[in-house]
There are 2 protein chains.
Amino acid sequence: MTMFRRTNAPLLAVASMLGLGVPAVAHAQALDLEDYRPVADRIIDAALADSASYERLTELVDRFGHRFTGSESLERAIDWILGEMRRDGLDNVRGEDVLVPVWVRGEESAELLEPRRVDLPMLGLGRSVGTPPGGVTAEVLVVSSFDELEARATEARGKIVLFNVPFTSYGRTVRYRSGGAVAAARAGAVASLIRSVTPYSQLTPHTGAMRYADTVRRIPHAAITVEDAEMLHRMQRRGERIVVHLTMAADTLPDAVSRNVIGELRGTEQPDEIVVIGGHIDSWDVGQGAMDDGGGVVAAWEVIRLLHDLGLRPRRTIRVVGWTNEENGLRGGLAYRDRHRDELERHVLAIESDAGVFKPSGFGFRGSDAAFEIVTAIGSLLDRIESGEIRRGGGGADIGPIMREGVPGMGLRVDGTRYFWYHHTAADTIDKLDPREMALCVATMAVMAYVVADLPDPLPR
Amino acid sequence: MTMFRRTNAPLLAVASMLGLGVPAVAHAQALDLEDYRPVADRIIDAALADSASYERLTELVDRFGHRFTGSESLERAIDWILGEMRRDGLDNVRGEDVLVPVWVRGEESAELLEPRRVDLPMLGLGRSVGTPPGGVTAEVLVVSSFDELEARATEARGKIVLFNVPFTSYGRTVRYRSGGAVAAARAGAVASLIRSVTPYSQLTPHTGAMRYADTVRRIPHAAITVEDAEMLHRMQRRGERIVVHLTMAADTLPDAVSRNVIGELRGTEQPDEIVVIGGHIDSWDVGQGAMDDGGGVVAAWEVIRLLHDLGLRPRRTIRVVGWTNEENGLRGGLAYRDRHRDELERHVLAIESDAGVFKPSGFGFRGSDAAFEIVTAIGSLLDRIESGEIRRGGGGADIGPIMREGVPGMGLRVDGTRYFWYHHTAADTIDKLDPREMALCVATMAVMAYVVADLPDPLPR
């Protein structure tokens with residue numbers, strides 16, 4: 001195993017210092033990595049030369065729209081990607097079957113009946129049960145937190161509980177989407193609603209996954225908009241009686257077969273050692289799934305298409321995976337782990353892009369200290385596009401299962417200013433993304449993947 | 001007629017200069033206006049002491065929602081305001097009947113059928129005819145401008161023309177909303193669509209008024225979202241055949257009676273001389289009409305409620321008017337002109353707030369140079385809240401008819417950064433406004449209205 005520079009200080013400065021008495025072995029090793037700068041520059045220049053990745057993503061989302069697990073559009077999109085990957089000349093292009101859950105939204109609506117009639121834009125939450133035919137009509141209790149619900153549990157019986165929880169961080173706020181139905185059902189509620197998980201709204205409902213507990217009655221669970229949640233809360237504070245009619249025809253059908261999409265750039269020397277890079281090909285059933293996560297899949301795919309077209313083939317294999325069913329099951333990531341279990345020892349690194357292909361700043365990495373030093377040093381090759389900062393901690397939902405088996409993992413870090421404005425909404429569309437920012441994502445992941453795949457030794461675990 | 005300082009330079013500085021030989025007459029007159037500073041400060045302090053105006057607006061929009069011409073909610077909101085104004089102790093509170101057009105939206109939808117099926121969120125445009133029952137199904141021609149339509153007129157026959165015009169300024173872009181149907185029908189189109197008039201979208205359609213020409217066939221005219229207009233344009237550029245199914249049950253019913261809402265603070269010395277201040281009480285039939293223009297009406301109303309509660313009664317009358325039917329007819333502004341024609345000579349000034357009650361910066365004024373000098377000097381009383389800058393040009397739609405009869409007019413100028421994000425959409429809701437910014441609007445209009453109404457002489461025409 002070689003040692004690498006710890007900092008992002010300019011390599012030329014290091015090289016000049018090296019002449020002042022640094023041991024020869026350190027000198028040679030620093031230059032080892034510096035040897036990659038010309039190829040890194042070539043990759044960056046090529047990625048930024050055009051809008052190829054953005055155009056490919058545009059074609060994907062315009063042709064197929066959203067790609068929800070169990071939908072025809074997802075499987076047709078997978079067929080198209082496989083065909084395009086073959087046309088690109090990639091290696092070992094294939095779909096790997098994955099058994100996936102099938103949740104269907106069905107007709108749904110929410111209507112405020114008292115104190116006055118208002119249509120409330122809403123989205124049922126993934127995995128929720130439906131209402132009885134004809135819907136549920138009940139008084140609403142608005143609470144600001146699980147604690148408030150607990151304190152007012154006696155008021156919740158027979159009502160629809162609305163969690164009007166302002167967005168702080170995604171992690172803190174999404175707990176009400178995940179666990180709101182269980183908490184409300186425990187208090188005897190007949191249905192539960194959440195304020196959409198977002199810092200900004202234009203009367204925009206946000207969907208997402210939720211869960212039940214085996215020991216608690218399953219009640220319908222849906223998201224309404226920030227605006228309407230706030231309005232209902234104001235009405236309650238004014239002492240008004242609030243009545244909502246909720247209808248959801250949501251249903252869970254038998255599991256079906258989807259596919260993880262795979263293409264490779266086979267390595268020249270250790271083809272059985274693998275750098276995995278990807279995102280998830282499925283999306284929610286609204287919008288275009290352009291940033292969640294069409295952009296991630298296409299950017300990863302473009303990494304090896306670009307390397308292939310440049311004639312750059314590293315020592316190890318780079319494998320692109322478009323995981324299926326991230327949004328409402330994670331079955332793609334789990335199936336990949338199970339099917340490739342024998343290979344996981346030789347998975348050198350897993351890279352995921354699932355935070356939108358906005359302006360990248362670097363990666364969040366989870367792995368050994370020795371590996372962290374190496375990827376930090378590789379990051380310095382990205383200084384010219386300011387996307388090489390490596391932080392500790394990170395990964396991605398789809399690579400989580402293999403990371404838990406010991407594979408070092410990293411997630412692409414990007415400007416997240418507006419990501420949650422669009423997350424899981426009808427407004428997750430291609431026009432919110434920028435061709436150059438997406439190209440920077442491709443450049444950033446391509447340099448990292450290429451160099452890790454080409455190093456003399458695999459990343460240390 | 002008195003003369004006033006021309007600039008916003010601090011009055012103390014002027015006063016000190018006055019001692020250095022400025023003619024006595026100017027000295028006396030500058031001090032005349034400076035005499036208003038204590039009362040202006042008192043008004044500002046009172047307006048900023050609480051969130052009364054924001055709370056009143058919240059109650060209006062939560063209780064009645066949007067207030068479209070011809071709707072029950074508009075008339076009920078008017079009844080409520082009249083009752084509240086009487087409880088406030090205002091003078092001459094009354095509704096003045098106005099015959100208004102009644103346009104009803106009805107069920108409506110747009111669906112992309114080819115190259116793939118997509119629901120296109122849309123809003124029919126005010127005054128549009130509907131489609132035949134069952135809708136219109138036709139190929140789409142996307143153009144970027146009237147010029148492009150003219151150049152491609154032979155391609156438009158029998159099609160739905162979509163104007164995909166990026167937002168530049170409201171004035172330049174709204175021409176396609178107003179006149180798109182006429183231009184498309186001239187080219188033989190069966191219906192017309194516009195890209196919503198907005199610089200920002202979360203799949204948000206924007207409605208608004210449109211017009212027909214007597215000599216041109218009337219075709220249905222609706223707005224789709226920025227996202228979908230862009231997508232259809234991309235599809236056309238890729239050579240794909242685009243087919244849309246448009247259904248609109250829009251209809252125009254017989255005229256009905258609505259009301260302009262009026263309340264006064266009668267003047268102590270020249271009660272027949274009037275400063276009019278107001279906004280429009282009607283809104284579009286989506287959202288809450290919180291910024292367009294509930295905020296303007298309530299802020300103007302709060303001006304005289306505040307002066308009344310402070311015991312500040314100027315020499316002249318301040319009359320608040322909530323005009324009806326601004327959005328799709330302007331009949332309120334026209335009826336006010338006609339009913340008060342005999343009084344217009346004694347209308348000293350008309351002030352309108354119809355750009356949202358965001359952070360105010362001053363007023364746009366249209367009147368004589370002499371009057372401009374005076375209102376500019378009054379503006380200096382607002383220096384401490386940075387809302388006293390008077391620019392030339394301005395007014396408002398509702399006060400337009402009386403301004404054209406010679407009444408000096410001004411429009412409240414505010415931070416317009418996000419106004420058009422919400423304009424005429426379901427997202428025009430109270431949560432987008434800020435209590436302190438709205439209080440600043442009240443303070444700004446109250447100082448201007450009070451001082452103009454109390455000056456020894458009326459504003460010169």
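Presented here is an overview of the structure given in this document.

Thresholds, definitions, all that
Residues numbered from 1 in each chain as written. Chains lettered and ligands numbered in written order. Predicted model: local features only at pLDDT ≥ 70, side-chain atom pairs only at ≥ 80, totals over all residues. Heavy atoms only, no water. Helix = DSSP H or I, 4+ residues; strand = E, 2+ residues; numbered from the N terminus. Rg over C-alpha atoms; globule rule 2.2 N^0.38 Å. Buried < 20%, exposed > 50% of the residue type's maximum accessible area, 1.4 Å probe, protein only. Areas by Shrake-Rupley, 256 points an atom, 1.4 Å probe, with all protein chains shown as cover. Lys, Arg positive; Asp, Glu negative; His and termini not counted. Charge placed at Lys NZ, Arg CZ, Asp CG, Glu CD. Salt bridge = Lys/Arg side-chain N within 4 Å of Asp/Glu carboxyl O. Contact = heavy atoms within 4.5 Å. Buried area = accessible area lost by both parts, 1.4 Å probe. Polar contact = N/O pair within 3.5 Å; in protein donor to acceptor, adjacent residues only side chain to side chain. Least-squares fit on C-alpha atoms with pLDDT ≥ 70 in both.

Now for the overall build of chain A. From N to C terminus, chain A includes 16 helices and 16 strands. Taken over C-alpha atoms, the radius of gyration comes to 24 Å for chain A, in line with the 23 Å a tight globule of 461 residues would show. Based on the C-alpha atoms only, the size of chain A along its principal axes is roughly 80 × 45 × 40 Å. Looking at chain A as a whole, 62% of its 461 residues qualify as buried. Here chain A displays about 16600 Å² of accessible surface, and carbon together with sulfur accounts for 50% of that area. Chain A carries 53 positive and 66 negative side-chain charges, and their two centres are separated by 4 Å.

So, about the pattern of salt bridges. Enumeration according to the criterion identifies 92 salt bridges over all chains in this entry. Notably, a salt bridge pairs Glu-155 of chain B with Arg-152 of chain B, separated by 2.9 Å at the nearest N-O pair. On the accessibility criterion, Glu-155 of chain B (32% relative accessible area) is partly exposed. When the shortest N-O distance is used, the salt bridge between Glu-302 of chain B and Arg-305 of chain B registers 2.5 Å. Within this pair, Glu-302 of chain B and its partner Arg-305 of chain B are both found in helix α11 (residues 290–309), separated by 3 residues, close to a single helical turn. The exposure classification of Glu-302 of chain B matches that of Arg-305 of chain B, with both residues buried. The network of salt bridges with common partners includes Arg-94, Glu-96, Glu-264, Arg-266, Asp-272, Arg-319, Arg-339 and Glu-343 of chain A.

Across the boundary between the two partners, chain A contributes 28 residues, which contact 28 residues of chain B. When chain A packs against chain B, close to 2200 Å² is buried across both sides, 49% of that on carbon and sulfur atoms. When the buried surface of chain A facing chain B is broken down by residue, Asp-62, Arg-116 and Gln-202 of chain A rank first, second and third, together holding 29% of it. For the pair chain A and chain B, the number of links is 6 salt bridges. In this structure, Asp-62 of chain A and Arg-238 of chain B form a salt bridge, with 2.7 Å as the shortest nitrogen-oxygen distance. The tally of links from chain A across to chain B stands at 16 residue pairs in polar contact (both at pLDDT 80 or more). Put simply, the parts of the chain that give the side of chain A that touches chain B at least two residues each are α4 (52–64), α10 (226–237) and α15 (419–422) of chain A. Top contributing element to the side of chain A that touches chain B by residue count: α4 of chain A, with 6 residues.

All names here are of chain A. Assignment of secondary structure puts Asn-92 in strand β1 (residues 91–104). Separated by 174 residues in the primary sequence, Asn-92 and Arg-266 place their C-alpha atoms 8.4 Å from one another. In terms of polar contacts, Asn-92 uses its side chain to reach the side chain of Glu-264, at 2.7 Å.

Here we come to the relation of the copies chain A and chain B. When chain A is brought onto chain B, the operation consists of a screw motion whose angular component is 180° and whose axial shift is 0.0 Å, with 0.0 Å RMSD remaining. The two molecules are tied by a two-fold rotation axis, judged by turn and shift. If distances are taken from each C-alpha of chain A to the rotation axis, the shortest is found for Gln-202 of chain A, at 3.2 Å. Interface overlap between copies: 100% of the residues of chain A at the interface are likewise at the interface in chain B, consistent with a symmetric, same-surface contact.

All names here are of chain B. Looking at where Thr-207 falls in the secondary structure, it is placed in the loop between β7 (191–195) and β8 (221–224). Classification of Thr-207 by relative accessible area gives buried; the value is 2%. In this structure the side chain of Thr-207 is engaged in a polar contact, spanning 2.8 Å, whose partner is the backbone oxygen of Gly-124. Not counting the four nearest positions on each side in its chain, Thr-207 is found in contact with Arg-105, Leu-123, Gly-124, Leu-125, Gly-126, Arg-177, Trp-284, Val-286 and His-424.

A separate point is helix α13 (residues 369–379) of chain A. Given 3.6 residues to a turn, an α-helix orients residues that are three or four positions apart in the same direction. Counting buried positions along α13 of chain A gives 9 out of 11 residues, so the element sits mostly inside the fold. Within α13 of chain A, burial applies to Ala-371, Phe-372, Glu-373, Ile-374, Val-375, Thr-376, Ala-377, Ile-378 and Gly-379 of chain A.

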